[in-house]
Amino acid sequence: YSPWCSLFKISKVVVVGDLYVGKTSLINRFCKDIFDRDYKATIGVDFEIERFEIAGVPYNLQIWDTAGQEKFKCIASAYYRGAEVIITVFDLADIQTLDHTKQWLEDALRENEPGSTFVFLVGTKKDLSDAACERIELDAVRLANEMQAEYWSVSAKTGENVKEFFSRVAALAFEQS
Ligand code: GDP
Ligand code: MG
């Protein structure tokens, strides 16, 4: 770590999940408060730094986003390594993406010390909710238990639950640090 890092505690947060589930939109909604309706595959591995203050202490989340490599499942191990928080994302309107979350989580956990990470399972596109989504959500809650993950549902489009979710991420990461 550089001296700069010791002045500002930073936690690494990695976001994983299938292409098109809404990972980049979720990060953009939170970090920039925008929602971009047009689909643009992210180019190049990238991260955003979000600043918090918790109990008067400056605190940063470094949020890593994949760059379309998830399409081919060829994520570099450096992407996962040293993560304090793993956010596993699926699309509430697409059951297949939920089925894939276990594998995404396994890949991320493999690169980290056992017990060193917090895991979240996040269903996106809550604004599209219908009866099918509600059924998926029941499965998701069950799976989250199995994965020892905390379950959240959010919408990047409306912003529903996005701030609340990241506040929870920051609070947990801070407690751990
Ligand atoms: P990524 O490949 O996982 O990074 O997914 P993107 O963030 O690029 O989003 C894929 C598509 O889903 C885009 O067309 C987004 O506009 C759309 N999308 C993302 N989040 C939401 C959401 O909360 N609600 C709705 N209705 N569409 C969303
Ligand atoms: Mg993306």
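Here the structure is shown first, and the text comes after it.
Report on the accompanying structure. (Residues numbered from 1 in each chain as written. Chains lettered and ligands numbered in written order. Predicted model: local features only at pLDDT ≥ 70, side-chain atom pairs only at ≥ 80, totals over all residues. Heavy atoms only, no water.)

**Comments concerning the overall build of the protein**
- Check the secondary structure of the protein and you find 7 helices and 6 strands.
- Evaluated residue by residue, the protein yields a buried proportion of 46% over its 177 residues.
- Of the contacts formed within the protein by residues at least 6 apart in sequence, a portion of 73% connects residues at least 24 apart.
- Taken as a whole, the protein presents about 9,400 Å² of accessible surface, with 53% of it coming from carbon and sulfur. (Helix = DSSP H or I, 4+ residues; strand = E, 2+ residues; numbered from the N terminus. Buried < 20%, exposed > 50% of the residue type's maximum accessible area, 1.4 Å probe, protein only. Contact = heavy atoms within 4.5 Å. Areas by Shrake-Rupley, 256 points an atom, 1.4 Å probe, with all protein chains shown as cover.)

**Observations concerning the nonpolar core**
- If you look at the biggest cluster of nonpolar residues, it comprises 49 residues, and the most contacted ones within it are Leu61, Ile63, Ile87, Phe120, Leu121 and Phe165.
- With 7 residues, the single largest contributor to this core is helix α7 (residues 162–176).
- Each residue touching isoleucine 87, except ones within four places of it in the same chain, is listed here: Val13, Val14, Val15, Val16, Phe120, Val122, Phe165, Phe166 and Val169. (Core = buried A, V, L, I, M, F, W, Y, C linked by side-chain atoms within 4.5 Å.)

**Brief notes about the site of ligand 1**
- Around ligand 1, 19 residues are found, and the nearest of them are Tyr20, Lys23, Ser25, Asp127 and Ala156.
- A distance of 2.9 Å separates an oxygen atom of ligand 1 from a polar side-chain atom of threonine 24.
- Here a nitrogen atom of ligand 1 sits 2.7 Å away from a polar atom, N or O, in the side chain of aspartate 127.
- Within the complex, 92% of the 580 Å² of free accessible area of ligand 1 lies under protein. (Near = heavy atom within 4 Å. Polar contact = N/O pair within 3.5 Å; in protein donor to acceptor, adjacent residues only side chain to side chain.)

**Describing unusual backbone geometry**
- The backbone phi angle of lysine 125 is positive, close to 65°, even though this residue is not glycine.
- Secondary-structure assignment places lysine 125 in the loop between β5 (118–124) and α6 (131–147).
- Residue asparagine 161 is not a glycine yet carries a positive backbone phi of 70°.
- Position of asparagine 161 among the secondary structure elements: in the loop between β6 (150–153) and α7.
- Using a relative accessible area of 23% as the deciding quantity, one classes asparagine 161 as partly exposed.

**Quick word on the packing of aromatic side chains**
- In the structure shown here, the tally under the stated rule is 8 aromatic pairs.
- With centroids separated by 5.2 Å and ring planes inclined at 90°, the aromatic side chains of phenylalanine 120 and phenylalanine 165 adopt a geometry described as edge-to-face. Here phenylalanine 120 is found in strand β5, whereas its partner phenylalanine 165 is found in helix α7, with 45 residues between them in sequence. Across the pair, phenylalanine 165 and phenylalanine 120 agree in class, each one buried.
- An aromatic cluster of at least three residues, connected via ring pairs, comprises Phe30, Phe120, Trp152, Phe165 and Phe166.
- Just above the ring of tryptophan 64 sits the side chain of lysine 12; from NZ or CZ to the centre is 4.0 Å.
- We note lysine 73 situated over the ring of tryptophan 104; from NZ or CZ to the ring centre the distance is 4.3 Å. (Phe/Tyr/Trp six-rings, centres within 6.5 Å; stacked < 30°, edge-to-face > 60°. Lys NZ or Arg CZ within 6 Å of the ring centre and 35° of its normal.)

**Re the packing of helix α5 (residues 101–110) against α6**
- Packing of α5 against α6 brings their axes to within 11 Å, and their N-to-C directions diverge by 25°. With respect to α6, the element α5 is oriented roughly parallel. The hand of the α5/α6 crossing is right-handed. On α6, the residues touching Thr101, Lys102 and Leu105 of α5 are Leu143, Glu146 and Met147.
- The residue makeup of the contact of α5 with α6, split by class, is 3 nonpolar, 1 polar and 2 charged. (Axes fitted to C-alpha atoms, helices over the stretch in contact; angles between N-to-C directions. Parallel < 35°, antiparallel > 145°, perpendicular 65-115°, else oblique. Left-handed = near helix turned anticlockwise from the far one by under 90°. Nonpolar A, V, L, I, M, F, W, Y, C, P; charged D, E, K, R; others polar.)

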